[in-house]
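Chain by chain, the residues:
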Amino acid sequence: GITIFQDPAQFISKTYVGKLISVQGTSLPTTLSVAIDGRDYVVQLSTTTEILNTAKKHVLLSRFLTGDPIRIYGKKVESLSNIIEAEVVRNINI
């Protein structure tokens, strides 16, 4: 048989930095499209995802605008996936 090794470190939560492309909805759960390192990602927001501003205060998703710099703390769902499950999303512009 064939054994494929995947580094488990890629499934551990970490910080991603990118630019907001779009917001699918302004209430949780919803998704964001974010450009990170030249690649587009779908960022899944659950009902427990924290939505914060640059001062780490809670803020509404309706304040997020296309092009805003975004910091995401979360993990990829698969190694080559472009889907990130977010625990925290910070908008650095507000």
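Up top is the structure these notes are about.
Conventions adopted
Residues numbered from 1 in each chain as written. Predicted model: local features only at pLDDT ≥ 70, side-chain atom pairs only at ≥ 80, totals over all residues. Heavy atoms only, no water. Helix = DSSP H or I, 4+ residues; strand = E, 2+ residues; numbered from the N terminus. Buried < 20%, exposed > 50% of the residue type's maximum accessible area, 1.4 Å probe, protein only. Polar contact = N/O pair within 3.5 Å; in protein donor to acceptor, adjacent residues only side chain to side chain. Contact = heavy atoms within 4.5 Å. Pairing = 2+ DSSP bridges. Axes fitted to C-alpha atoms, helices over the stretch in contact; angles between N-to-C directions.

Q: Give a detailed account of the side chain of T49, specifying residues and quantitative values.
A: Inspection of the secondary structure assignment puts T49 in strand β3 (residues 39-53). The class of T49 is buried, set by a relative accessible area of 6%. A polar side-chain atom of T49 sits 2.8 Å from the main-chain amide nitrogen of S46. Polar contacts involving the side chain of T49 include one to the main-chain carbonyl oxygen of A86, which spans 2.8 Å. Those residues within four positions of T49 in sequence are excluded, and the remaining contacts are L28, Q44, A86, E87, V88 and V89.

Q: So what about the sheet that holds strand β1 (residues 14-23)? Which residues, and what values?
A: Pairing in this closed barrel of 5 strands is mixed, and the strands run β1-β2-β3-β5-β4 around the ring. Direction aside, neighbouring strands of the sheet carry axes that sit 55 degrees apart on average. Across 6 bridges, β1 lies against strand β4 (residues 69-76) in antiparallel orientation. Counterpart to V17 in the pairing with β4 is R71.

Q: Report on the pairing of β1, specifying residues and quantitative values.
A: With 4 bridges joining them, β1 and strand β2 (residues 30-36) adopt antiparallel strand pairing. Each residue of the ladder has a partner; that of S22, found in β2, is S33.

Q: Summarise unusual backbone geometry; cite the residues concerned and give the values.
A: Cis rather than trans, the peptide bond between L28 and P29 has omega equal to -5 degrees. Among the structural elements, P29 can be located in the loop between β1 and β2. Phi angles above zero are rare outside glycine, and D37 is one such case at about 50 degrees. One can find D37 in the loop between β2 and β3. In this structure, K56 takes a positive phi of about 65 degrees despite not being glycine. Residue class for K56 comes out exposed when judged on its relative accessible area of 55%.

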